[in-house]
Amino acid sequence: MANKNIIQAKQDQVDALKARIEKSVAGVLVDYRGITVADDTKLRKELREAGVHYAVIKNNIMRRAAEASGFGGLAESMTGTTAFALSEEDPIAAAKILQKFADDSKGTFSIKAGFMEKEILDAAGVERVAKLPGKTELLTMLCMALNGNIRGLAVALNAVAEKSAEGAVADPA
């Protein structure tokens, strides 16, 4: 029989992970089999810079935390070598970074499943999310659209001003 301290420590891990999942807007489960230490270090750095928490957690602990958070559907993906990436701010960041890494790894690293805004996604769903434009890309598109409208207004006002100036010059002659 397991020691009470060990059971309590595992329950604390489950509770901490549950709290992190509940604060997150998105998460991705990956199979990290075959990844080198250098690649893993590079991946973790990129995820950390994007504000994504990435960790390898025992499947049983992850399963219990997911079920307690209302993501019991992810449990079937928690087999073998599994790592979890959670994003509290940007719902697309984890999927985008991990999908790019999976595409570059040629089959040794793969997406298993994920969630976004309380909806469970399969691997294909995570891939679709990864193809969405990110926050900075959306802001760039918005700025370009606003700039285009303002530029169009400026050109139209300039044309009206030039036409009025031509009419004013033609009258006295």
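Cut-offs applied
All chains use their own residue numbering, which begins from 1 and follows the written sequence. Totals for whole chains, interfaces and linings use every residue, but because this is a predicted model, local features are given only for residues with pLDDT of at least 70 and side-chain atom pairs only at 80 or more, for both listing and counting. Working from all heavy atoms in the structure, the side-chain values ignore hydrogens and water. Per the convention used, a helix needs a DSSP run of H or I reaching at least four residues, while a strand needs a run of E reaching at least two, with both numbered from the N terminus. The size measure is the radius of gyration over C-alpha atoms, and the globule rule it meets is 2.2 Å times the number of residues to the 0.38 power. For every residue, the accessible area (1.4 Å probe, protein chains only) is compared with the maximum for its type, and the residue is labelled buried under 20%, exposed over 50%, or partly exposed between those bounds. Under the convention used here, a 1.4 Å probe and the Shrake-Rupley method define accessible areas, while residue burial counts only the protein chains that appear. When charges are counted, Lys and Arg are positive and Asp and Glu negative, with His and the chain ends excluded. In this description, the location of a charge corresponds to atom NZ of lysine, CZ of arginine, CG of aspartate or CD of glutamate. Planes of paired rings set the category: under 30 degrees apart is stacked, over 60 is edge-to-face and the rest tilted, where pairs are Phe, Tyr or Trp rings (Trp by its six-membered ring) whose centres lie within 6.5 Å. The rule for pairing is simple: two strands pair if DSSP sees at least two bridges between them. Note on geometry: axes are C-alpha line fits, over the in-contact stretch for helices, and angles between N-to-C directions span 0 to 180 degrees. Should any heavy atoms of two residues lie within 4.5 Å, those residues are counted as being in contact. A pocket here means an open set of points on a 1 Å grid, computed over the protein atoms alone, that has protein on both sides within 12 Å along at least five of seven lines. A cavity is instead a set of points where a 1.4 Å probe fits but cannot get out; residues with an atom within 4 Å of a point line either one. Grid points are joined across faces, edges and corners, and a volume is the space filled by probe spheres set on the points. Classes in brief: Ala, Val, Leu, Ile, Met, Phe, Trp, Tyr, Cys and Pro nonpolar; Asp, Glu, Lys and Arg charged; the others, Gly included, polar.

Trainee: Would you take a moment to explain the overall build of the protein chain for this structure?
Mentor: If you tally the helices and strands in the protein chain, you get 6 helices and 5 strands. When the elements of the protein chain are put in sequence order from the N terminus, they spell out α-β-α-β-α-β-α-β-β-α-α. The C-alpha atoms of the protein chain give 25 Å as radius of gyration, which overshoots the globular expectation for 173 residues (16 Å, by more than 25%). Of all 173 residues assigned to the protein chain, the portion counted as buried reaches 34%. On the protein chain, roughly 11,000 Å² of surface is accessible, and the fraction owed to carbon and sulfur atoms is 57%. The average position of the 23 basic charges and that of the 23 acidic charges among the side chains of the protein chain differ by 8 Å.

Trainee: Any chance you could explain the packing of aromatic side chains here in plain terms?
Mentor: Two aromatic rings, taken as a pair, are described by how far apart their centres are and by the angle between their planes. In total, this model carries 2 aromatic pairs according to the counting rule given. Judged by centre distance (4.8 Å) and plane angle (80 degrees), the rings of phenylalanine 101 and phenylalanine 109 are edge-to-face.

Trainee: Help me understand the sheet that holds strand E3 (residues 83-87) in this model?
Mentor: The strands making up a sheet are joined through hydrogen bonds of the backbone, oriented either antiparallel or parallel. Spatially, 5 strands are ordered E2-E3-E1-E4-E5 in an open sheet, and the strand pairing comes out antiparallel. Each edge of the sheet is formed by a strand with only one pairing partner; in this case those strands are strand E2 (52-56) and strand E5 (119-122). Each strand of the sheet is rotated relative to its neighbour by a mean of 15 degrees, with strand direction disregarded. Two elements, strand E1 (residues 26-31) and strand E4 (residues 110-116), share 6 bridges in a ladder whose sense is antiparallel. Counted as the bridge partner of leucine 29 is alanine 113 from E4. The strands touched by helix H5 (residues 123-130) within the sheet are E1, E4 and E5, with E5 carrying the most contacts at an inclination of about 100 degrees.

Trainee: Looking at this structure, how should I read the layout of surface pockets?
Mentor: In this approach, a probe sized like a water molecule rolls over the atoms, and the result shows the empty space that is left. In this structure, the largest pocket occupies an estimated 170 Å³ of space. Taken together, Ile7, Lys10, Gln11, Val14, Lys58, Asn60, Ile61 and Arg64 make up the full set of residues lining the largest pocket. Mapped by element, the contributors of at least two residues to the lining of the largest pocket are helix H1 (4-23) and helix H3 (59-68). Of the residues forming the lining of the largest pocket, the biggest block, 4 residues, is contributed by H1. Residue composition of the lining of the largest pocket, by class: 3 nonpolar, 2 polar and 3 charged.

These figures come from the coordinates and say nothing about function on their own.
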